[in-house]
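Spelled out, the chains give:
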Amino acid sequence: PPPTPPSHPGASKQDVREKVWDYLEASGLAAFPRPVHRRIPNFQGSHQACCSIKELDVFNRAHEIKVDPDKPLEGVRLAALQARKTLLVPTPRLRTGLFNRIVPPSGATKEILRICATSQGIKEYSVPVGLDGKARVDLVVVGSVAVSEKGWRIGKGEGYADMEYAMMVSMGAVQEDTPVITIVHDCQVVDIAEELLGDHDLTMDYILTPTRTIKTNCKRLKPQGIIWHKASYLSNVSYEMLEKIPILKSLRYREKQIGKDVTLQDEHSDLANATTPAALNEKAMPENTRPQAAMGSAQRGQHYAEHDSLSPRLGGSGIITTVYVGNIPPSVRVSELKCALREFHATPLRLNWQGAQNRAFLDYKDKATAESAVSSLKGLSLGGNTLRVELAKNQRNKGQVEINSQK
């Protein structure tokens, strides 16, 4: 087998990464995209390593496979599509959800399937799968920078593979015995000290290289879900990260509702006990109230109906901007939406609940506040539906209330 980079006892994860990246480049084993530094490295022979997955029972038995979007895993994505398996690929940086399902056009040729397996195909032939997408993943394939024969893995240092796996556990998409495979060059199989591993680190069951298939028989427990309070994923799960990864925010909200401890490491009592405007006070807005007025106007009998709902200004603080919230399931009550708005620090001046039409309209003091609310609420799932959240198409104009049905 090809020589491996020297192992250094006591080396940090970053030391191991740098050694592997340097070695791949210096030995001529690195493949496009170059340089391989700060990436899950592609390597000469990656396709050959990927093809050996077809010989594994765990692949042949699997119906639904999650494969990372890295270049060296392209061959696995192609093998899954050719075998007519459901292929899930994580959304880059989890910006718009957790997975995209790759859906080749009917009667796709070999060439089209090949395109579907590439990063371009992931963009062109995929549909998003949300938290409520009922994914049941039988096999997980991730890229690595380094891995040991015992199954310890080191990624590129951003924590996304660990985070994605933990999210899949939390949403019930993987079980304890769901196998995890990585594809690497022989030179990426190195000794890794166990003390470098944290609770959040994902371990490998199989390692495929251009020359070998290694069954690790790893007994170390895989992550049991998201460890909200630990400084682990992507440095740590923080408020800033919740803003960048809407689906993470939804998952945290969902886990909080079922009584899990979702305290963040940077959670301060002043944020946790932030005061909320009276418009969302539970007493001020009885939840049994249903819309009885014309669309877009405030409901009679509710606290916020006392405001002049036709006025385009409120308190002289900029033009009121309305946010549309759609796809609300019939089972969701107004109190649940109010609770979510408070949780995501997106409390409006006024809320117009139209449950019968599966929607609500939220008034904010100005466009910037409304846009911030849209960004905060993006990806929010209530009652099994991912809500549709956007600025209302027709904003109130010259005292007229004209909000379309957002079709």
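Look a little higher up for the structure.
Calculation criteria
Residues numbered from 1 in each chain as written. Predicted model: local features only at pLDDT ≥ 70, side-chain atom pairs only at ≥ 80, totals over all residues. Heavy atoms only, no water. Pairing = 2+ DSSP bridges. Helix = DSSP H or I, 4+ residues; strand = E, 2+ residues; numbered from the N terminus. Salt bridge = Lys/Arg side-chain N within 4 Å of Asp/Glu carboxyl O. Axes fitted to C-alpha atoms, helices over the stretch in contact; angles between N-to-C directions. Contact = heavy atoms within 4.5 Å. Core = buried A, V, L, I, M, F, W, Y, C linked by side-chain atoms within 4.5 Å. Buried < 20%, exposed > 50% of the residue type's maximum accessible area, 1.4 Å probe, protein only. Phe/Tyr/Trp six-rings, centres within 6.5 Å; stacked < 30°, edge-to-face > 60°. Lys NZ or Arg CZ within 6 Å of the ring centre and 35° of its normal.

Attention now moves to the pairing of strand 3 (residues 99-102). Two elements, strand 2 (residues 86-90) and strand 3, share four bridges in a ladder whose sense is antiparallel. Note that in strand 3 the partner of Leu87 across the bridge is Ile102.

Right, let's talk about the pattern of salt bridges for a bit. Summed over all chains, the structure comprises 15 salt bridges. With a closest N to O distance of 3.0 Å, Glu74 and Lys71 form a salt bridge. With a shortest N-O distance of 3.7 Å, Glu111 and Arg114 are connected by a salt bridge. Residue Glu111 and its partner Arg114 are both found in helix 5 (residues 110-116); the two are separated by three residues, about one turn of the helix. Bridged by salt links that share partners, the residues Lys66, Asp68 and Glu164 form one connected network.

The four strands are arranged 12-13-11-16 in an open sheet whose pairing can be described as antiparallel. Two strands in the sheet have a free side with no partner beyond their single neighbour: strand 12 (350-354) and strand 16 (388-391). When strand polarity is set aside, the average angle formed by the axes of neighbouring strands in this sheet is 15°. Of the strands in this sheet, strand 12 and strand 13 (359-364) are in contact with helix 11 (residues 334-343), which crosses strand 12 at around 145°. The sheet strands contacting helix 12 (residues 367-377) are strand 11 (321-326), strand 13 and strand 16, and the helix crosses strand 16 at an angle near 165°.

So, about the sheet that holds strand 8 (residues 180-183). Taken in spatial order, the eight strands line up as 4-3-2-1-5-8-9-10 in an open sheet, and their pairing is mixed. Each of the sheet's edge strands pairs with one partner strand only, and the pair in question is strand 4 (126-129) and strand 10 (213-215). Strand-to-strand twist in this sheet, taken as the mean axis angle between neighbours without regard to direction, amounts to 25°. Pairing between strand 5 (residues 139-143) and strand 8: four bridges, direction parallel. Among the inter-strand pairings, Val142 is bridged to a residue of strand 8, identified as Thr182. Along the sheet face, helix 4 (residues 74-82) touches strand 1 (64-67), strand 2, strand 3, strand 5 and strand 8 and points at about 150° away from the line of strand 2.

This part is about the nonpolar core. Ile53, Leu139, Val141, Ile181 and Ile183 are the most contacted members of the largest nonpolar core, which has 48 residues in total. Top contributing element to this core by residue count: helix 4, with five residues. The residues touching Ile181, leaving out its near neighbours within four places in the chain, are Ile53, Leu56, Val58, Leu139, Val140, Val141, Val142, Met204, Tyr206 and Leu208.

Our next topic: the packing of aromatic side chains. Any aromatic ring pair is given by two values, namely how distant the centres are and how the planes are angled relative to each other. Taken as a whole, this structure holds one aromatic pair when the rule is applied. An angle of 55° between the planes, with centres 5.7 Å apart, marks the rings of Tyr324 and Phe361 as tilted. Taken together, the residues span a long stretch of sequence, with Tyr324 in strand 11 and Phe361 in strand 13 at a distance of 37 residues. On the accessibility criterion, Tyr324 (7% relative accessible area) is buried. Assessed through its relative accessible area of 1%, Phe361 is described here as buried. Over the ring of Trp152 we find Arg220, and its NZ or CZ is 5.9 Å from the ring centre.

This part takes up the environment of Gly383. Mapped onto the fold, Gly383 is located in the loop between strand 14 (381-382) and strand 15 (385-386). In the structure, Gly383 is positioned 53 residues away from Pro330 in sequence and 8.6 Å away in space, judged by C-alpha atoms. If sequence neighbours within four positions are ignored, Gly383 has contacts with Pro329 and Val332.

Further remarks concern the environment of Val147. Topologically, Val147 is positioned in strand 6 (residues 146-147). Relative accessible area serves as the criterion here: at 0%, Val147 is assigned to the buried category. For the pair Val147 and Val189, spaced 42 residues apart in the sequence, the C-alpha separation amounts to 5.0 Å. Excluding anything up to four places from it in sequence, Val147 contacts Trp152, Arg153, Thr182, Val184, Gln188, Val189, Val190, Ile192, Met204 and Ile207.

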